[in-house]
Amino acid sequence: MAKEELIEMHGAVTEVLPDGRYRVTLDNGHNLIAYAGGKLKKNHIRIIAGDSVSLEMSPYDLSKGRITFRHLPGRPANAASAPVHQRRQ
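Residues numbered from 1 in each chain as written. Predicted model: local features only at pLDDT ≥ 70, side-chain atom pairs only at ≥ 80, totals over all residues. Heavy atoms only, no water.

Strand order in this closed barrel of five strands is 1-2-3-5-4, and the pairing throughout is mixed. Taking each pair of neighbouring strands and ignoring which way they run, the sheet shows an average axis angle of 50 degrees. Taken together, the six bridges between strand 1 (residues 7–17) and strand 4 (residues 52–58) define a ladder with antiparallel strand orientation. The residue bridging Met-9 from the neighbouring strand is Leu-55, located in strand 4. (Pairing = 2+ DSSP bridges. Helix = DSSP H or I, 4+ residues; strand = E, 2+ residues; numbered from the N terminus. Axes fitted to C-alpha atoms, helices over the stretch in contact; angles between N-to-C directions.)

Below, the discussion takes up the confidence of the model for the protein. Mean pLDDT over the protein stands at 86; residues scoring 70 or higher make up 80%. Least confident of the elements in the protein is helix 1 (residues 38–42), whose mean pLDDT is 92; most confident is strand 2 (residues 21–26), at 97. (pLDDT = per-residue confidence, 0-100.)

Unlike most non-glycine residues, Asp-19 shows phi in positive territory, near 65 degrees. With phi around 55 degrees, His-44 is a residue other than glycine that occupies positive phi space. In this structure, His-44 sits in the loop between helix 1 and strand 4.

By size, the foremost hydrophobic cluster in this structure holds 13 residues, and its most contacted members are Tyr-22, Val-24, Leu-32, Ile-47, Val-53, Leu-55 and Ile-67. Those elements that provide at least two residues to this core are strand 2, strand 3 (31–36) and strand 4. Not counting the four nearest positions on each side in its chain, Ile-47 is found in contact with Val-13, Val-16, Tyr-22, Ala-36, Leu-40, Val-53, Ile-67 and Arg-70. (Core = buried A, V, L, I, M, F, W, Y, C linked by side-chain atoms within 4.5 Å. Buried < 20%, exposed > 50% of the residue type's maximum accessible area, 1.4 Å probe, protein only. Contact = heavy atoms within 4.5 Å.)

As a further point, take the pattern of salt bridges. Within the structure shown, the criterion is met by three salt bridges. In this structure, the salt-bridge partner of Glu-56 is Arg-66, at a minimum N-O distance of 2.9 Å. You can see Glu-56 sitting in strand 4 and its partner Arg-66 sitting in strand 5 (residues 61–70), a full ten residues away along the chain. A relative accessible area of 21% means that Glu-56 is categorised as partly exposed. With a shortest N-O distance of 3.7 Å, Lys-64 and Asp-61 are connected by a salt bridge. On the basis of relative accessibility, which here comes to 52%, the residue Lys-64 falls in the exposed class. (Salt bridge = Lys/Arg side-chain N within 4 Å of Asp/Glu carboxyl O.)

What follows is about the side chain of Asp-51. With respect to the helices and strands, the residue Asp-51 is situated in the loop between helix 1 and strand 4. Despite its burial, Asp-51 pairs with no opposite charge; the closest candidate is Arg-70, at 4.1 Å N-O. Engagement of the side chain of Asp-51 in a polar contact is seen with the backbone nitrogen of Ile-48, the distance being 2.9 Å. Ignoring any residue separated from it by four or fewer positions in sequence, one finds Asp-51 in contact with Gly-11, Ala-12, Val-13, Arg-46 and Arg-70. (Lys, Arg positive; Asp, Glu negative; His and termini not counted. Polar contact = N/O pair within 3.5 Å; in protein donor to acceptor, adjacent residues only side chain to side chain.)

Structure below.
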């Protein structure tokens, strides 16, 4: 169990770095280094420069983060909970 709750933020990938790391600019303008979370690696989700992402940060070190979700292009980050498509009847 974590001592402190994780901070959820939204940002954009500005640069793909070696060793599976990414430079991310948050919506508030801060820059940090992030890595892809386990489910993204497991499902081979590719993250490229320009992608809008959601990430988690520890309150102890705000310069590092873990990418937890890659948003679809053309959709705002806060619309992640909206359905991607509707079922056909």
